[in-house]
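Single-letter residue listing:
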Amino acid sequence: KQREGSEELYVQYNSNVKMVRTYTFVLQACIYFYIFSSDRLLVVSASKVRSDESKTCTEDDASNNNCGESEDIQENETKDKSISSPWAFMQAFSKLGTSWNHIIGEYKSVVKGADGVDLKGDVYAQDMGMGLKLLQAMVEEEKEVASSKSKEDNELDWSFRTTPLGDFGKTIDDVLLAFLRWSVVDTKKYSKENESCQLIGGINDYPSSESAIAKQTINVSKAFRRLTSYVTWMKSVSSDLVDEPLTFKSISPSLSTFSIHIAHDSCGRLVWWVNLGKTDLNAFKSTKPRETMRMFVWVAHLLFLDEGAQTRGLVVVDDMAEIGFYDYMTMLPIQVGISVDRFLISVTPLKAKNVVLMHLPKWAEVGYGLLSWFLTAKMKSRVTIVTKGEEVETLDKVVGGSGFIPTDFGTVKGELKTDIISHQSDL
C-alpha cells in the first residue's frame, strides 16, 4: 500500500511538473512575442501627432512663437510619468514614429560589433613598427583594387580626406596606430599593470613596452577590418563632411549648445563628461541634425586620437539630470542617433572602461533593465549607476578626486577649470 501510495504521488507530481513546464513555456512565448513582435508596436507618425496637437494653439500663442509649446511640455511631462514599466517604455517608441522592435534590433547589431573578433588566417605582427607597415600595405592594396575597378570615390575614401587631422596635429599614420592599439588592448592580461589603477573600471590591459607586446602578437587583420568599417561609415556621411571641412571652428556653434568636457583622470584615462542638465535642449534641438552629427564626428576623433584613450582607456560620465523620455529621444532624429552610436561603439577604435550614469529618470532605469538582457557580462560590468546622494563619493572612485572633475559639472564641486576642448578654443 505504501508503494502504491508512493507511485500515485509520483504520478501526480510528474503531472504537475509537466503542467508547470507547459505554463512556463507559454509564458516565455508570450514574453518573447510581447517584446519582439513588431505587430504589437504600431508605427505612428510623430509629425502627425505634433501637427494634430498644434491645432489647439491660440492666435496669441502663434504670434508669440509659443504655439503648442506649453501644451507639448505639459503633455510630455504627463507621458514621461506614465513610462514606469517595461511595457510602457516599449510602447512609447510608437509615439516617435518607430518601434521597440526596430530599436532593439539596431542596438543588438551595434553592441555585437563593439569588440571585434579574431579569425582564422588573420595576419599578425610582433611589434608596432611591423604592424604599421603591414596595415599601410593593406590600405595601399585596397586603394589599388578600387583604382583597378575605376572606383575613384572609393580610392579617395582611403585617402582619409574627411578625417579631421589638422585640429589635433595628427597624421594618417596616427590613425592607423590607433586601430592597431585597439586590436591589442584587453586581449590578454600581459602584466599586473592594471592593478596599479584602483579607480572603478581600471585601465586597459595594454603592454607598456615593445617587449611586452611581443608576448602577444598584434592582429593586423582585425585592425584592418575595424579600419574598413571606419572608412565605410565616413563615406556614408561624406557629403556632410566634404563641402565644409570638419574643424573645431566649424562645429563650435553646435558644440556651444551641448555641455561636455574632456580631460584625463588620475590614472591617465580619457574622461568624456556629458551634462544634460546644463545643455540648452531647445538650442540643441533647433540645430540641424547635419551640424550635430558633424559635431559628434569631430568629438569622436578627439577621443580616439588621444593616446591616453588608446592605451589607458575611455571613461564616459553622463549626468542625465532626470531628463524626460521625449526630451531625450527627440534631441536627435532616432536614425541619426543610432548612426552616431554605431560610429562611437562599433566603428571607432575606442574601448570604454567605465560608463557612469547619474541622476537617471525612471524611464532610463526601465530602459537599461531591458537593454541589459542583451549585454554581455563584460559590458554590464563596465556600467556604474550612481545612487542619488552618493555622487561625490562615487566620482572620487571613478576619476580620483575633485581635481579631475570639471568645475561646473552638475551639483558636484569639481576643481578642474580647463580641459582639452577649452584648449582647442585657445588655439
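Residues numbered from 1 in each chain as written. Predicted model: local features only at pLDDT ≥ 70, side-chain atom pairs only at ≥ 80, totals over all residues. Heavy atoms only, no water.

Notes on the overall build of the protein chain
- Helix and strand content of the protein chain: 22 helices and 7 strands.
- Buried positions account for 45% of the 427 residues belonging to the protein chain.
- Residue pairs in contact within the protein chain that sit at least 24 positions apart in sequence constitute 79% of those at least 6 positions apart.
- Approximately 22400 Å² of the protein chain is accessible, and the part contributed by carbon and sulfur atoms is 54%. (Helix = DSSP H or I, 4+ residues; strand = E, 2+ residues; numbered from the N terminus. Buried < 20%, exposed > 50% of the residue type's maximum accessible area, 1.4 Å probe, protein only. Contact = heavy atoms within 4.5 Å. Areas by Shrake-Rupley, 256 points an atom, 1.4 Å probe, with all protein chains shown as cover.)

Focus on the sheet that holds strand β3 (residues 260-264)
- Pairing is mixed in the open sheet, where 5 strands are placed in the order β3-β4-β5-β6-β7. Both outer strands of the open sheet, β3 and β7 (383-385), are each paired with one neighbouring strand and no more. Sheet twist, expressed as the average angle between the axes of neighbouring strands with direction ignored, equals 15°.
- Relative to β7, strand β6 (residues 352-358) runs parallel, the two being bridged by 3 bridges. Its bridge partner being in β7, Val-356 is matched across the sheet by Thr-384. (Pairing = 2+ DSSP bridges. Axes fitted to C-alpha atoms, helices over the stretch in contact; angles between N-to-C directions.)

A short note on the nonpolar core
- The biggest cluster of nonpolar side chains holds 87 residues, and the ones touching the most others in it are Phe-89, Leu-227, Tyr-230, Trp-272 and Phe-325.
- Ranked by the residues each element gives to this core, the list is headed by helix α15 (residues 289-304), at 10 residues.
- Once you skip the residues sitting within four places of it in the chain, Trp-272 turns out to touch Ile-260, His-261, Ile-262, Phe-296, Val-299, Leu-303, Val-315, Val-316, Val-317 and Leu-344.
- Counting 13 residues, the second largest nonpolar core, distinct from the first, contains Val-271, Val-398, Ile-405 and Val-412. (Core = buried A, V, L, I, M, F, W, Y, C linked by side-chain atoms within 4.5 Å.)

As for empty space enclosed by the protein
- Here the structure, examined in full by the defined rule, presents 4 cavities of 30 Å³ or more.
- Approximately 70 Å³ is the volume found for the second largest cavity.
- Here the element with the most residues in the lining of the second largest cavity is helix α11 (residues 220-236); it accounts for 4 residues. (1 Å grid on protein atoms, 1.4 Å probe; cavity = no way out; pocket = protein on both sides within 12 Å on 5 of 7 lines; lining within 4 Å. Points joined across faces, edges and corners; volume = space filled by probe spheres on them.)

A word on the pattern of salt bridges
- Throughout the structure, instances matching the rule amount to 10 salt bridges.
- Asp-118 is the salt-bridge partner of Lys-222, the closest N and O atoms lying 3.9 Å from each other. You can see Lys-222 sitting in helix α11 and its partner Asp-118 sitting in the loop between α6 (100-112) and β1 (124-125), a full 104 residues away along the chain.
- When the shortest N-O distance is used, the salt bridge between Lys-285 and Asp-327 registers 3.0 Å. Pair noted here: Lys-285 is in helix α14 (residues 281-286) and Asp-327 is in helix α17 (residues 325-329), with a separation of 42 residues, a long-range link. (Salt bridge = Lys/Arg side-chain N within 4 Å of Asp/Glu carboxyl O.)

What to know about the packing of aromatic side chains
- Here the structure, examined in full by the defined rule, presents 21 aromatic pairs.
- Measuring from centroid to centroid gives 5.3 Å for Phe-89 and Phe-93, while their planes differ by 85°, and the two rings are edge-to-face.
- When its relative accessible area of 4% is taken as the criterion, Phe-89 is described as buried.
- Grouping aromatic residues by their ring pairs yields a cluster made of Trp-158, Phe-160, Phe-179, Phe-224, Tyr-230, Trp-233, Phe-304 and Phe-343.
- The aromatic ring of Trp-182 is capped on one face by Lys-222, whose charged end is 5.3 Å from the ring centroid.
- The ring of Trp-182 is capped by Lys-351, whose NZ or CZ atom sits 5.4 Å from the centre of that ring. (Phe/Tyr/Trp six-rings, centres within 6.5 Å; stacked < 30°, edge-to-face > 60°. Lys NZ or Arg CZ within 6 Å of the ring centre and 35° of its normal.)

All quantities given are derived from atomic positions and should not be read as evidence of function.
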